[in-house]
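# Structural overview
Below are the chains, spelled out letter by letter.
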Amino acid sequence: MSDFLFMEKAIELALNNVITRHGGPFGAIVVKDGKIIGRGRNEVTTSNDPTAHAEVQAIRDACKHLNTFQLDDCEIYTSCEPCPMCIGAIYWARPKAVYYAATKQDAAKIGFDDQFIYEQLELPVELRKIPMKQISPSTGALPFKTWENSQDKVEY
Ligand SMILES: [Zn+2]
């Protein structure tokens, strides 16, 4: 299947999601060795999950299918340019490439504006809209120390 056809599959998921009233107009697929191994559609409102963006759902589906936590040699096709959360998820999943159809500007025009998140990320932590403060009880270092000393941890 060509890049173009894979992208059409992602767009089809997005369109069906709107038609079936299942969620926002976003779809994504994960491809490995020319095969679709993961599918995702936006399910924020139907699953009451603000993280259920198409790309995250597709990554979860693909990882479940591959039984791994990394998408080595995989490509993600998404109907729209990923938001900052999904970009983060994509970096953690480590696919080899990402392709998108609509741009974030297209999404902003219909009410899905993630520009404020990019702006928030650039601000020093103390100036962000949602307060983020460090709290340091004496046990704070324990998880890291225990991890560092663990002999049988699965690194990623
Ligand atoms: Zn997203």
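Residues numbered from 1 in each chain as written. Predicted model: local features only at pLDDT ≥ 70, side-chain atom pairs only at ≥ 80, totals over all residues. Heavy atoms only, no water.

## Focus: the overall build of the protein
Scanning the protein for helices and strands turns up six helices and four strands. For the protein, the α and β elements follow one another from N to C terminus as α-β-β-α-β-α-β-α-α-α. Projected onto its principal axes, the C-alpha positions of the protein cover 55 × 40 × 25 Å. Considering the protein as a whole, with its 156 residues, one finds that 31% of them fall into the buried category. Considering only contacts in the protein between residues 6 or more positions apart, those separated by 24 or more positions represent 46%. In the form shown here, the protein has an accessible surface area of approximately 10,700 Å², with 56% of it arising from carbon and sulfur atoms. Within the protein, the 21 negative side-chain charges are centred at a point lying 4 Å from the centre of the 17 positive side-chain charges. (Helix = DSSP H or I, 4+ residues; strand = E, 2+ residues; numbered from the N terminus. Buried < 20%, exposed > 50% of the residue type's maximum accessible area, 1.4 Å probe, protein only. Contact = heavy atoms within 4.5 Å. Areas by Shrake-Rupley, 256 points an atom, 1.4 Å probe, with all protein chains shown as cover. Lys, Arg positive; Asp, Glu negative; His and termini not counted. Charge placed at Lys NZ, Arg CZ, Asp CG, Glu CD.)

## Here's the deal with the pattern of salt bridges
Summed over the entire model, instances satisfying the criterion amount to two salt bridges. In this structure, E43 engages R41 in a salt bridge whose closest nitrogen and oxygen atoms are separated by 4.0 Å. With a relative accessible area of 30%, R41 lands in the partly exposed category. Here R60 makes a salt bridge to D49, at a shortest N to O gap of 4.0 Å. Placement of the pair is R60 in helix 2 (residues 54-66) and D49 in the loop between strand 2 (35-41) and helix 2, with a sequence separation of 11 residues. For R60, a relative accessible area of 44% puts it in the partly exposed group. (Salt bridge = Lys/Arg side-chain N within 4 Å of Asp/Glu carboxyl O.)

## Quick notes on the packing of aromatic side chains
Following the criterion strictly, the structure yields four aromatic pairs and no others. Centroid distance F26 to F112: 4.9 Å. Interplanar angle 85 degrees. Geometry classified as edge-to-face. Of the two residues, F26 is situated in the loop between helix 1 (3-19) and strand 1 (27-32) and F112 in the loop between helix 4 (104-109) and helix 5 (115-122); the sequence distance between them amounts to 86 residues. The exposure class assigned to F26 is buried, which follows from its relative accessible area of 14%. These aromatic residues form a ring-pair network of at least three members: F6, Y77 and Y99. Here K104 stacks its cationic end above the ring of Y118, 3.9 Å away from the centre of that ring. (Phe/Tyr/Trp six-rings, centres within 6.5 Å; stacked < 30°, edge-to-face > 60°. Lys NZ or Arg CZ within 6 Å of the ring centre and 35° of its normal.)

## Thoughts on the coordination of the zinc ion
Here the zinc ion is held by the protein donor atoms H53 (ND1), C83 (SG) and C86 (SG), which lie 2.0 to 2.3 Å from it. Written as a sequence motif, the donor residues of the zinc ion are H-x29-C-x2-C. Accessibility expressed as a relative area gives 10% for C83, which makes it buried. Overall, C86 belongs to the buried group, its relative accessible area being 0%. (Donors = N, O, S within 2.8 Å, 3.2 Å for Na, K, Ca; no water.)

## With respect to the pairing of strand 1
The element strand 1 is extensively covered by neighbouring structure, given that five of its six residues are classed as buried. As paired elements, strand 1 and strand 2 share six bridges and run antiparallel to each other. Paired with I29 across the strands is R39, a residue of strand 2. Adjacent in sequence and paired antiparallel, strand 1 and strand 2 are bridged by two residues, among which D33 carries a positive phi angle near 50 degrees. With five bridges connecting them, strand 1 and strand 3 (residues 74-80) associate as antiparallel partners. Bridging from a neighbouring strand, V31 pairs with E75 of strand 3. (Pairing = 2+ DSSP bridges.)

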